[in-house]
Protein chains: 2
Amino acid sequence: MECNDNNVRCHQCPVKDITSFNTLSKDQLDVIADSKTCVVFKKGQIIMHEGNKPNGVYCIQNGKCKTHKLGIEGKEQIIRFAKTGDMLGYRSILSDEPLSASITALEDTHACFVPRQELFDIIDLNSRFSLELMRIACHELGEAGRIITNLAQKTVRERLAEMLLILEKTFGITDEGNLDVSLTREEIANLVGTATESTIRLLSEFKEDKLIILKGRKIKLVNKPKLAKIGNVFD
Amino acid sequence: MECNDNNVRCHQCPVKDITSFNTLSKDQLDVIADSKTCVVFKKGQIIMHEGNKPNGVYCIQNGKCKTHKLGIEGKEQIIRFAKTGDMLGYRSILSDEPLSASITALEDTHACFVPRQELFDIIDLNSRFSLELMRIACHELGEAGRIITNLAQKTVRERLAEMLLILEKTFGITDEGNLDVSLTREEIANLVGTATESTIRLLSEFKEDKLIILKGRKIKLVNKPKLAKIGNVFD
DNA sequence: TTTTTTTAATGATAAAAGTCATAAAATCAT
DNA sequence: ATGATTTTATGACTTTTATCATTAAAAAAA
């Protein structure tokens, strides 16, 4: 965790407009700008630790993270992802509970730390900001319901097919057309909720069936309609 | 859905103090009181319909509800429960999205409908109310993460044992010591995320092993430590 | 109460998914 | 680059869970 670029004022921040801070006035942004600290997390570094009480939130300037929970016998469950523009730790801050999950950088990630108090100060002054936070939390709650239903009712094969599509939607693709996120088979398994071997086997099957192209950790979706069909994805 | 008791002013409402409305001033409560409509839902009646856009929220004065989502081939997934003091539909209102799930009364339920606009008006005026809504949504989000991890990592047997304990914690027990909620085996299955037959079989096993007593839909937990052990419940 | 309908129970079987073991390949650190 | 380490791949086997079928019991309706 090293400092960088603390001089960039928030109102000039290029990602400001895609964050909940886009509801803030210039003055309110200056309050954030005066109290924020910019940091860089290396790939694999833990940004927040499950069970801890954070002193504020991080706003991702650039990078990708996973939010993950400890499950049975230490097995990791990946709950969701975060990327540029997303806020980290707000669930814990706003519910006044310890972190229900850890957050780890999936690649080198630049983020700004905003102290708890400044966040509450702005909530007090700016109801549009409050509403935006509620909107995000409530949207996530709806997503969680979908994930719960899928885990409860879909087979591993269905969930994996759907997850590949979700990963493309979430992170987009590289110039070569691969998913723009690098995950190990184990991480994919921890996301889908299955054993690593099952994930490997099913990915190999999808490859055999020409639905995807695999090159190490690079995954390219080449038959998305079929993946959607396998995954029972209708939207 | 029939009207009843619309004359009770909110500031006199016996459940007010356990709702998020406990943060409201007398004046603000009067705004709610003037715009609210009290209704009764019969057992089994659908209160809100997945996919619809609600015009407000319900505040449960007395009763029990299930929040459930349509899954694969019309199979119901129960996402969570609501009881006296809980607010229904706030997720959809605050995220400005259609209802991600339906809500059905598990028993005759009295509730007050609060129109959307009055809710937003108070959010605008009262940041304590906003914070309370955020607290609830963010708490639920943490719960959802726990459910996701359990669904992904625990066996059906573990999940059922844990769910029995959660049901007792959520709804309490009757004078005879039974869970104070009446669910069919199918509903329990739709909650645990398994086939109805599996639920029936496992409940019979738990009964054999003297962990629970079954009398029709009446369930009494008689060996909670053992259930907690089976369910890998540590808290 | 009695009938009708729904729900619960249980056996047999099939399918899905997990575990363990081992080898090959890819990634990482130096 | 290169050696060490981690990850991926695959086979063999076990366990878990779902599905289908049938009967019994309990709820609900007449």
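Rules used throughout
- Residues numbered from 1 in each chain as written.
- Chains lettered and ligands numbered in written order.
- Predicted model: local features only at pLDDT ≥ 70, side-chain atom pairs only at ≥ 80, totals over all residues.
- Heavy atoms only, no water.
- Helix = DSSP H or I, 4+ residues; strand = E, 2+ residues; numbered from the N terminus.
- Expected span 1.5 Å × (residues − 1).
- Buried < 20%, exposed > 50% of the residue type's maximum accessible area, 1.4 Å probe, protein only.
- Pairing = 2+ DSSP bridges.
- Axes fitted to C-alpha atoms, helices over the stretch in contact; angles between N-to-C directions.
- Contact = heavy atoms within 4.5 Å.
- Domains from an automatic or database assignment.
- Buried area = accessible area lost by both parts, 1.4 Å probe.
- Salt bridge = Lys/Arg side-chain N within 4 Å of Asp/Glu carboxyl O.
- Polar contact = N/O pair within 3.5 Å; in protein donor to acceptor, adjacent residues only side chain to side chain.
- Nonpolar A, V, L, I, M, F, W, Y, C, P; charged D, E, K, R; others polar.
- Parallel < 35°, antiparallel > 145°, perpendicular 65-115°, else oblique.
- Least-squares fit on C-alpha atoms with pLDDT ≥ 70 in both.
- Left-handed = near helix turned anticlockwise from the far one by under 90°.
- Near = heavy atom within 4 Å.

Chemist: Looking at this structure, how should I read helix α5 (residues 156-171) of chain A?
Modeler: Given 3.6 residues to a turn, an α-helix orients residues that are three or four positions apart in the same direction. Residue and element names in this part refer to chain A. Under the 1.5 Å per step criterion, the end-to-end length of α5 is 22 Å for 16 residues, consistent within 8% with the ideal 22 Å. Burial in α5 covers these residues: E158, R159, L160, A161, E162, M163, L164, L165, L167, E168 and F171. G172 sits one or two positions beyond α5 and adopts a positive phi of about 75°.

Chemist: Explain the sheet that holds strand β3 (residues 46-48) of chain B to me, please; I cannot follow it from the model alone.
Modeler: Residues and elements named next belong to chain B. With antiparallel pairing, the four strands of this open sheet are ordered in space as β3-β8-β5-β6. Two strands bound the open sheet, and with one partner strand each, they are β3 and β6 (76-83). Neighbour to neighbour, the strand axes of the sheet diverge by 35° on average, direction disregarded. Strand direction decides the pairing type here: strand β5 (residues 64-70) and strand β8 (residues 102-105), joined by four bridges, are antiparallel. Bridge pairing in β8 links T67 to I103. Packed on one face of the sheet, helix α6 (residues 185-192) meets β5 and β6 and runs near 95° to β6.

Chemist: What am I meant to see in unusual backbone geometry here?
Modeler: Across residues other than glycine, the phi torsion is negative in most instances, and most of the peptide bonds are trans. All names here are of chain A. Positive phi, close to 50°, is recorded for E73, a residue that is not glycine. Mapping E73 onto the fold places it in the loop between β5 (64-70) and β6 (76-83). Residue classification places E73 among the exposed residues on the basis of a relative accessible area of 81%. Notably, K210 is not glycine yet its phi reads approximately 60°, a positive angle. With respect to the element layout, K210 can be found in the loop between α7 (196-208) and β10 (212-215). Using a relative accessible area of 63% as the deciding quantity, one classes K210 as exposed.

Chemist: Sorry if this is basic, but what is going on with the domain arrangement of chain A here?
Modeler: For an interface, size is often stated in terms of accessible area lost upon the parts coming together. Residues and elements named next belong to chain A. Its domain assignment divides chain A into domain 1 (10-151) and domain 2 (155-230). Each of domain 1 and domain 2 has a C-alpha centre, and the two are 26 Å apart. The interface of domain 1 with domain 2 comprises 13 residues on the first partner and 16 residues on the second. When the buried area of domain 1 at its contact with domain 2 is split by residue, K64, I78 and F81 rank highest and sum to 36% of it. Across the contact surface, domain 1 and domain 2 share three salt bridges. Counting every contact that joins domain 1 to domain 2 gives seven residue pairs in polar contact (both at pLDDT 80 or more). Broken down by secondary-structure element, the contributors of at least two residues to the side of domain 1 that touches domain 2 are β5, β6 and α4 (127-153). With six residues, the single largest contributor to the side of domain 1 that touches domain 2 is β6. Residues belonging to the side of domain 1 that touches domain 2 are distributed by class as follows: five nonpolar, two polar and six charged.

Chemist: Any chance you could explain the pattern of salt bridges here in plain terms?
Modeler: When the charged atoms of two side chains with opposite charge come close together, those side chains can pair. Taken as a whole and judged by the stated rule, the model has 38 salt bridges over all chains. In this structure, K16(B) and D17(B) form a salt bridge, with 3.4 Å as the shortest nitrogen-oxygen distance. Here E162(B) and K154(B) are joined by a salt bridge, their closest N and O atoms 2.9 Å apart. For the pair E162(B) and K154(B), one class covers both residues: buried. Each of R9(A), K26(A), D30(A) and D34(A) takes part in one network of salt bridges that share partners.

Chemist: I'm lost on the packing of helix α3 (residues 116-125) of chain A against α4(A) in this one. Help?
Modeler: Helix-helix packing: each pair is described by the crossing angle between the helix axes and the interaxial distance. Residue and element names in this part refer to chain A. Relative to each other, α3 and α4 sit at 115°, their axes nearing to 5 Å. What the angle tells us is that α3 and α4 run roughly perpendicular. Touching L119, I122, I123 and L125 of α3 are S127, F129, S130 and L133, all from α4. Residue classes in the contact of α3 with α4 are distributed as six nonpolar, two polar and no charged.

Chemist: Would you take a moment to explain the relation of the copies chain A and chain B for this structure?
Modeler: Two chain copies here: they are related by a rotation about an axis and a translation along the same axis. For these two chains of identical sequence, chain A goes onto chain B by a turn of 180° and a shift of 0.0 Å along the axis, with RMSD 0.0 Å. Considering both components of the superposition, the chain copies are consistent with a two-fold axis. Both copies contact each other with a shared surface, as 100% of the interface residues of chain A are interface residues in chain B too.

Chemist: Just to check I follow, could you spell out the packing of α4(A) against helix α4 (residues 127-153) of chain B for this structure?
Modeler: Taken N-terminus to C-terminus, the directions of α4(A) and α4(B) make an angle of 20°; their axes are 9 Å apart at the nearest point. The angle between the axes of α4(A) and α4(B) places the two elements in the roughly parallel class. The two elements α4(A) and α4(B) meet at a crossing, and its hand is left-handed. For the pair α4(A) and α4(B), the contacting residues are S130(A), L133(A), M134(A), A137(A), C138(A), E140(A), L141(A), A144(A), I147(A), I148(A), L151(A) and A152(A) in the first and S130(B), L133(B), M134(B), A137(B), C138(B), E140(B), L141(B), A144(B), I147(B), I148(B), L151(B) and A152(B) in the second. Grouping the constituent residues of the contact of α4(A) with α4(B) by class yields 20 nonpolar, two polar and two charged.

Chemist: So what exactly am I meant to see when it comes to the protein's contact with DNA strand C here?
Modeler: Every one of the 17 residues lining DNA strand C counts as a neighbour, but V156(A), T194(A), S198(A), R185(B) and R201(B) are closest to it. For DNA strand C, the fraction of atoms within 4 Å of the protein that belong to sugar or phosphate moieties is 65%. Between DNA strand C and E197(A), the relevant distance is 3.4 Å, taken from a base nitrogen to a side-chain nitrogen or oxygen of the residue. Looking at the surface near DNA strand C, the elements with two or more residues in it are α7 of chain A together with α6 and α7 (196-208) of chain B. The class makeup of the residues in the surface near DNA strand C is three nonpolar, six polar and eight charged.

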